[in-house]
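Summary of the model geometry
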Amino acid sequence: MSDQDQIASIRRHARAGDSTANSQNTIDLSALDMVAQGNRRFVYLIRPGTPGFEKYDLPLVLKIPRYKDRERRMAWPKRLLSRMFPASAERGIRIEARYWTKLARRVPGNPSDMPLPVFHGYVMTTDGRAALWEAMCDADGNLAPTLHTVAKRGDQASLIAPLNRFVDFTYANNLVAPDIQGVNMVLVQRNARWDAVLI
């Protein structure tokens, strides 16, 4: 696939923002590796060749809200509202995907060059709806190290240029992210340079 074809495909995904990437099957989460969990969601890794994702030749991640945990922590009036309006649990992943699609439309060039993973749509899983994103990996196919991990190794000097490019992009495009911290950013090599990417 040429660069122009890839850019056109990404922009089509951006215009179709709410499309379902894999509408035929429900994805069984027990068959996937959970690689992270936050207060509001679980993150599963999908390697190339995983059944149901054969059309993707790159690693992906599924971000899925913690539906059951979220409901358990709620007071009973909110739990009732949550059952009446189940889409409210998906609000976080939908806002993140919508924000990415707006940026992809607005930023010139290839959206995969933004310091954000590429959004590939939504899929249904055994636990509910999930967002499908590009996985940020190193050359060996392992998940890229977080900035926190790189800094703990004592390699802070290597972070200066990637972080400066990230800050430049943030200001130039009015990027608003409520949770920027070292564990939510990774260091990846793209186009022969290191970039800081917000995950």
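As a starting point, this report considers the structure included with it. (Residues numbered from 1 in each chain as written. Predicted model: local features only at pLDDT ≥ 70, side-chain atom pairs only at ≥ 80, totals over all residues. Heavy atoms only, no water.)

**Concerning a nonpolar patch on the surface**
- On the surface, Trp 76, Leu 80, Leu 81 and Met 84 cluster together into a nonpolar patch covering about 480 Å² of accessible area.
- Mapped onto the elements, Met 84 comes out in helix H3 (residues 76-84). (Patch = residues over 30% accessible without salt bridge, like charges linked within 9 Å, V, L, I, M, F, W, Y side chains within 5 Å. Areas by Shrake-Rupley, 256 points an atom, 1.4 Å probe, with all protein chains shown as cover. Salt bridge = Lys/Arg side-chain N within 4 Å of Asp/Glu carboxyl O. Helix = DSSP H or I, 4+ residues; strand = E, 2+ residues; numbered from the N terminus.)

**A short note on the pattern of salt bridges**
- With the rule as written, the count across this model stands at four salt bridges.
- For Lys 63, the salt bridge goes to Glu 96, with nearest N and O atoms at 2.9 Å. Residue Lys 63 is located in strand S4 (residues 60-65), and its partner Glu 96 is located in helix H4 (residues 91-106); the two are separated by 33 residues in the primary sequence.
- According to the relative accessible area criterion, Lys 63 is buried, its value standing at 5%.
- Using a relative accessible area of 23% as the deciding quantity, one classes Glu 96 as partly exposed.
- Close ionic contact of Arg 193 with Asp 195 constitutes a salt bridge, the shortest N to O distance being 3.0 Å.
- With a relative accessible area of 40%, Arg 193 lands in the partly exposed category.
- Under the relative-accessibility criterion, Asp 195 is labelled buried at 8%. (Buried < 20%, exposed > 50% of the residue type's maximum accessible area, 1.4 Å probe, protein only.)

**Examining the packing of aromatic side chains**
- Taken as a whole and judged by the stated rule, the model has four aromatic pairs.
- Centroid distance Phe 53 to Tyr 56: 6.4 Å. Interplanar angle 40°. Geometry classified as tilted. Each member of the pair, Phe 53 together with Tyr 56, is buried.
- With a centroid separation of 5.3 Å and 70° between ring planes, the pair formed by Phe 119 and Tyr 122 is classed as edge-to-face.
- Cluster of aromatic residues (ring-pair linked, three or more members): Trp 100, Phe 119, Tyr 122 and Trp 133.
- Cation over ring: Lys 63 sits above Trp 133, and NZ or CZ is 5.0 Å from the ring centre.
- In this arrangement the basic side chain of Arg 129 is found over the ring face of Tyr 122, its NZ or CZ atom lying 4.1 Å from the centre. (Phe/Tyr/Trp six-rings, centres within 6.5 Å; stacked < 30°, edge-to-face > 60°. Lys NZ or Arg CZ within 6 Å of the ring centre and 35° of its normal.)

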